[in-house]
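Remarks on the overall topology
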Amino acid sequence: MKNLNFKLIQRDLENWIKEKVGDRGVVIGLSGGIDSSVTCILAKNALGANKVKGIILDNSKFSREVGMSTAEKFALDHGISIEKVDIKKVRQIILKTLPKINRKEIIPMATLDVRLCDLYLRTFAFIEGKIFLGTINSTERLCGWFPKGGLVGDFDLLGGLLKEQIKELAKVIGLENLIPTVSQEAKDICSGCGYLPEFEGIPYQVLDEILFILETSSSEEMALEKAQSQGLSEDHFNRVLSRVKQTKHKRVTFPEFLRINFSNGETSK
């Protein structure tokens, strides 16, 4: 999983940014965490700091816990211009109109906050004529740990890299200081956004090892054999596999719909 040329991966990601963005510039939601920070540095390397706009949104427990001040200092240190936006009033208006929402439940509240962040970032990028660069990593993508379509942007930079691989990339680009901020527990798949009880007791590295095996195997049976040959728990494997299968619909760009055959009037899924 980590036996990769991360210098080469850095080069390819930066070239990919240049190809997708051209001269338009990018908008990135900055949280102070490792994913958005790595995305920001790669974009800066590819386009220049003047083409990168960081948006720090104050609307949620997540933003404040991870560290708005950390995100602001990071941007300042790296010459990235930022917009600090307080959208708590919008959040409160929506909460007042939602029926039966328990504000103490972290996941529904975090879901609302992510969707609000996504709405603002998409709209800001549209108005500015820039590309909204997503920050969802492969661990989150495979486990469905994001509202469907949320924070994936116009293009998602880290969707092919697991969190443990992003740590290695962070070392290469000079952000190794952020590695200790990443939880070692798989249940904390996204710091500040609640946790996955089905991953309780699974180390984060084990989660990523299993996900890597699933991504690189041609069948579930072969994946299980690989996992067992590497000394991984079958219980851990099955719990991760169940989550991956359960959230498969989130990885589909357009939802399933009923196809209409206009020649004979029949329908099919």
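Before going into details, it helps to say that this report is about the structure given with it. No experiment lies behind these values; they were computed from the predicted model shown.

This part is about the environment of Ser-242. Secondary-structure assignment places Ser-242 in helix H11 (residues 234–246). Separated by 137 residues in sequence, Ser-242 and Glu-105 place their C-alpha atoms 23 Å apart.

One pass over the structure, following the stated rule, counts 18 salt bridges. For Asp-12, the salt bridge identified is with Arg-11, shortest N-O distance 3.0 Å. When its relative accessible area of 39% is taken as the criterion, Asp-12 is described as partly exposed. Judged by its relative accessible area of 47%, Arg-11 is partly exposed. With a closest N to O distance of 3.0 Å, Arg-239 and Asp-235 form a salt bridge. Placement of both Arg-239 and Asp-235 in helix H11 is noted, with a separation of four residues, approximately one turn of the helix. Given the relative accessible area of 24%, Arg-239 is considered partly exposed. For Asp-235, a relative accessible area of 44% translates into the label partly exposed. Residues joined by salt bridges that share partners form a network here, namely Lys-2, Glu-164 and Lys-167.

It is worth spelling out helix H2 (residues 34–47) at this point. Between its first and last C-alpha atoms H2 spans 20 Å; for 14 residues at 1.5 Å apiece the expected length is 20 Å, and the two agree. In terms of burial, H2 is largely enclosed, as twelve of its 14 residues are buried. Listed in full, the buried residues belonging to H2 are Ile-34, Asp-35, Ser-36, Ser-37, Val-38, Thr-39, Cys-40, Ile-41, Leu-42, Ala-43, Ala-46 and Leu-47. Positive phi appears at Gly-48, one or two residues downstream of H2, with a value of about 95°.

Considering all chains together, one arrives at two aromatic pairs under this definition. Ring centres 5.9 Å apart and planes at 85° place the aromatic pair Trp-16 and Phe-155 in the edge-to-face group. On the criterion of sequence distance, the pair formed by Trp-16 in helix H1 (residues 6–21) and Phe-155 in strand S5 (residues 155–156) is long-range, its members being 139 residues apart. Relative accessible area serves as the criterion here: at 27%, Trp-16 is assigned to the partly exposed category.

Cut-offs applied
- Counting starts from 1 at the beginning of each chain's written sequence and moves along it residue by residue.
- Where totals are concerned, whole chains, interfaces and linings use all residues; where local detail is concerned, this predicted model gives features only for residues with pLDDT of at least 70, and gives and counts side-chain atom pairs only at 80 or more.
- For side-chain calculations, the full set of non-hydrogen atoms in the structure is used, while hydrogens and water are omitted.
- Counting from the N terminus, the helices are the DSSP runs of H or I reaching at least four residues and the strands are the DSSP runs of E reaching at least two.
- Between Lys or Arg on one side and Asp or Glu on the other, a salt bridge is scored when a side-chain nitrogen of the former is within 4 Å of a carboxyl oxygen of the latter.
- When accessible area is computed with a 1.4 Å probe and restricted to protein chains, residues below 20% of their type maximum are described as buried, those above 50% as exposed, and intermediate ones as partly exposed.
- One fewer than the residue count of a helix, multiplied by 1.5 Å, yields its expected span.
- The rule is short: rings of Phe, Tyr and Trp, with Trp giving its six-membered ring, pair when the centres are within 6.5 Å, and they are stacked under 30 degrees, edge-to-face over 60, tilted in between.

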